[in-house]
Amino acid sequence: MANTSDIRKGLCIRYNNDIYKIVEFLHVKPGKGPAFVRTKLKSVTTGKVVDNTFSSGHKIEDVRVETRSYQFLYAEGDTFHFMNTDDYNQIALQKDTIDNPDLLKEGEIVTIIFNTEDSMPLSLEMPASVILEVTHTEPGVKGNTATNATKPATVETGARINVPLFINEGDKIKVDTEKGAYLERAKE
């Protein structure tokens, strides 16, 4: 058992007969009344996001987890196949358990979190950013840069991302995997 002072981003807890991963948290200490922790919890089984407030000192049941590195092999319909980089065992995960699955490139190294009690995969963590090649975008118009203008672009994985006007087809861009947003042009 842990309490609210142990809450951190990425912690897996048992709550309402389900396992949830803490996505966001904020410790609030109002001027009047007791302190509390506002959290955003994501169910690892259904993917549903729930807001919850724990009073300060509240006991929470944490779930023991272990992380392993896996390499993304290929997608087959809604099933994504991964290979353990240590022992070459393969596992398959459903599309709805992955955040931003359209940013996964074949050969990408990801971290999969497993429940140590039953060795069931709980969630998948992608790297903070990925480098993808732009496969299609409209050509930018010269001189049309008075504001922070963007245009839609399709990357090699099929995802559509808004990019600045100076990005052309064939350019490699760095994409934030959490928000699915353009970060910068990749340095080669």
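Each remark here, short or long, concerns the structure printed above.
Below you will find a few notes about this structure. Please read these numbers as outputs of a predicted model, since none were measured by experiment.

What follows covers the overall build of the protein. When you go through the protein residue by residue, the secondary structure sums to 0 helices and 16 strands. Summarising its shape, the C-alpha atoms of the protein cover approximately 60 × 50 × 25 Å along the three principal directions. Taking all 188 residues of the protein together, the buried fraction comes to 36%. Here the analysis covers contacts within the protein between residues at least 6 apart in sequence; of these, 43% occur between residues at least 24 apart. Taking the average location of the 23 positive side-chain charges in the protein and that of its 28 negative ones, the two points are 9 Å from each other.

Ranked by internal contacts, the top residues of the largest apolar core, which has 25 residues, are Phe82, Leu104, Val110, Ile112, Leu124 and Ile173. Only strand 7 (65-76), strand 8 (79-84), strand 10 (109-115), strand 12 (129-137), strand 13 (150-155), strand 14 (160-164) and strand 15 (172-176) provide two or more residues apiece to this core. Counting residues in each nonpolar core, the second largest holds 11 residues, with Ile7, Ile13, Val37 and Phe54 among its members.

What follows concerns the side chain of Lys151. With respect to the element layout, Lys151 can be found in strand 13. Buried Lys151, no salt bridge; nearest opposite-charge side chain is Asp171, N-O distance 7.7 Å. Of note is the side chain of Lys151, whose polar atom sits 2.6 Å from the backbone oxygen of Glu138. At 2.8 Å, the side chain of Lys151 and the backbone oxygen of Ile167 are in polar contact.

Conventions we followed
- Residues numbered from 1 in each chain as written.
- Predicted model: local features only at pLDDT ≥ 70, side-chain atom pairs only at ≥ 80, totals over all residues.
- Heavy atoms only, no water.
- Helix = DSSP H or I, 4+ residues; strand = E, 2+ residues; numbered from the N terminus.
- Buried < 20%, exposed > 50% of the residue type's maximum accessible area, 1.4 Å probe, protein only.
- Contact = heavy atoms within 4.5 Å.
- Lys, Arg positive; Asp, Glu negative; His and termini not counted.
- Charge placed at Lys NZ, Arg CZ, Asp CG, Glu CD.
- Core = buried A, V, L, I, M, F, W, Y, C linked by side-chain atoms within 4.5 Å.
- Salt bridge = Lys/Arg side-chain N within 4 Å of Asp/Glu carboxyl O.
- Polar contact = N/O pair within 3.5 Å; in protein donor to acceptor, adjacent residues only side chain to side chain.

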